[in-house]
Amino acid sequence: AQSVTQLGSHVSVSEGALVLLRCNYSSSVPPYLFWYVQYPNQGLQLLLKYTTGATLVKGINGFEAEFKKSETSFHLTKPSAHMSDAAEYFCAVSVTAGKSTFGDGTTLTVKP
Amino acid sequence: EAGVVQSPRYKIIEKKQPVAFWCNPISGHNTLYWYLQNLGQGPELLIRYENEEAVDDSQLPKDRFSAERLKGVDSTLKIQPAELGDSAVYLCASSQAGTTNTGELFFGEGSRLTVL
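Residues numbered from 1 in each chain as written. Chains lettered and ligands numbered in written order. Predicted model: local features only at pLDDT ≥ 70, side-chain atom pairs only at ≥ 80, totals over all residues. Heavy atoms only, no water.

## Regarding the overall build of chain B
Then step 1. When helices and strands are counted, chain B shows zero helices and eleven strands.
Then step 2. For 116 residues, the compact-globule estimate of 2.2 N^0.38 gives 13 Å, and chain B sits close to it at 14 Å.
Then step 3. When the backbone C-alpha atoms are referred to their principal axes, chain B occupies close to 45 × 25 × 25 Å.
Then step 4. If you take every contact in chain B between residues at least 6 apart in sequence, the share linking residues at least 24 apart comes to 53%. (Helix = DSSP H or I, 4+ residues; strand = E, 2+ residues; numbered from the N terminus. Rg over C-alpha atoms; globule rule 2.2 N^0.38 Å. Contact = heavy atoms within 4.5 Å.)

Right under this line is the structure:
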């Protein structure tokens, strides 16, 4: 069985500060890993994904994530937060095409 | 290219009434999903279709929930009768099938259900 744990349901940063959203997963086989963003009253939109190859993955809007197998982590970072980054972020794991398991999400607040 | 389209966006009903949600996936996406998203939680899979076949409906409460995907394109999710605990957002997603499927999902904007 696969599972995802997102540490911190709420994260608050100042505009221009580093964003770090934590995700740990559990999987018995090499997983595919995803970060999605959800703006208010909208569906989820893919930020980035790790399938195979390079462990540092770059996504849209300046976000990136690093797959660390030894730590079973896939933390999401952005060097400098922008007001428009305020949203809910979901980490997801998939070990079989069609079966994605989502974390409970982290709400990011960006203070001016 | 059009994304995943869902309707209605919002629905308010009284308990014990029926409700239906409709989803049109991205053209060419053979796999279609219905997810349930409760407040403050991540999406949870209700049912997955490969073309018109429901290949994973283990989490669908079959006593009151039903779904169909006639002709392998559009899909409808129905609840009858609705209960207070069904208040949530119902998300539809689609993805490519076969070897091109890395698990990436394309979501619609969701249908928010409020049961009074």
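## Overview of the sheet that holds strand 1 (residues 5-7) of chain B
Sheet strands associate in pairs through backbone hydrogen bonding, adopting either a parallel or an antiparallel arrangement.
Residues and elements named next belong to chain B.
Then step 1. Read from one edge to the other, the open sheet built from four strands follows the order 1-3-8-7, with strand pairing classed as antiparallel. In this open sheet, the two edge strands, each paired with only one partner strand, are strand 1 and strand 7 (65-68). Shown here is a sheet whose adjacent strand axes are inclined to one another by a mean of 15°, direction ignored.
Then step 2. Strand direction decides the pairing type here: strand 3 (residues 19-24) and strand 8 (residues 75-79), joined by five bridges, are antiparallel. For Val 19, the partnering residue across the bridge sits in strand 8 and is Ile 79. (Pairing = 2+ DSSP bridges. Axes fitted to C-alpha atoms, helices over the stretch in contact; angles between N-to-C directions.)

## Some details on the nonpolar core
A general trend in soluble globular proteins is that nonpolar side chains are found buried together.
All names here are of chain A.
Then step 1. Counting 26 residues, the largest nonpolar core has Trp 35, Leu 47, Leu 48, Phe 74, Leu 76 and Tyr 89 as the members making the most contacts within it.
Then step 2. Taken together, the elements giving at least two residues each to this core come down to strand 2 (10-14), strand 3 (19-26), strand 4 (32-38), strand 5 (44-50), strand 7 (64-68), strand 8 (73-78), strand 9 (87-96) and strand 11 (106-111).
Then step 3. Ignoring anything within four residues of it in the chain, the contact list for Leu 76 reads Val 19, Leu 20, Leu 21, Trp 35, Leu 47, Leu 48, Phe 63, Glu 64, Ala 65 and Tyr 89. (Core = buried A, V, L, I, M, F, W, Y, C linked by side-chain atoms within 4.5 Å. Buried < 20%, exposed > 50% of the residue type's maximum accessible area, 1.4 Å probe, protein only.)

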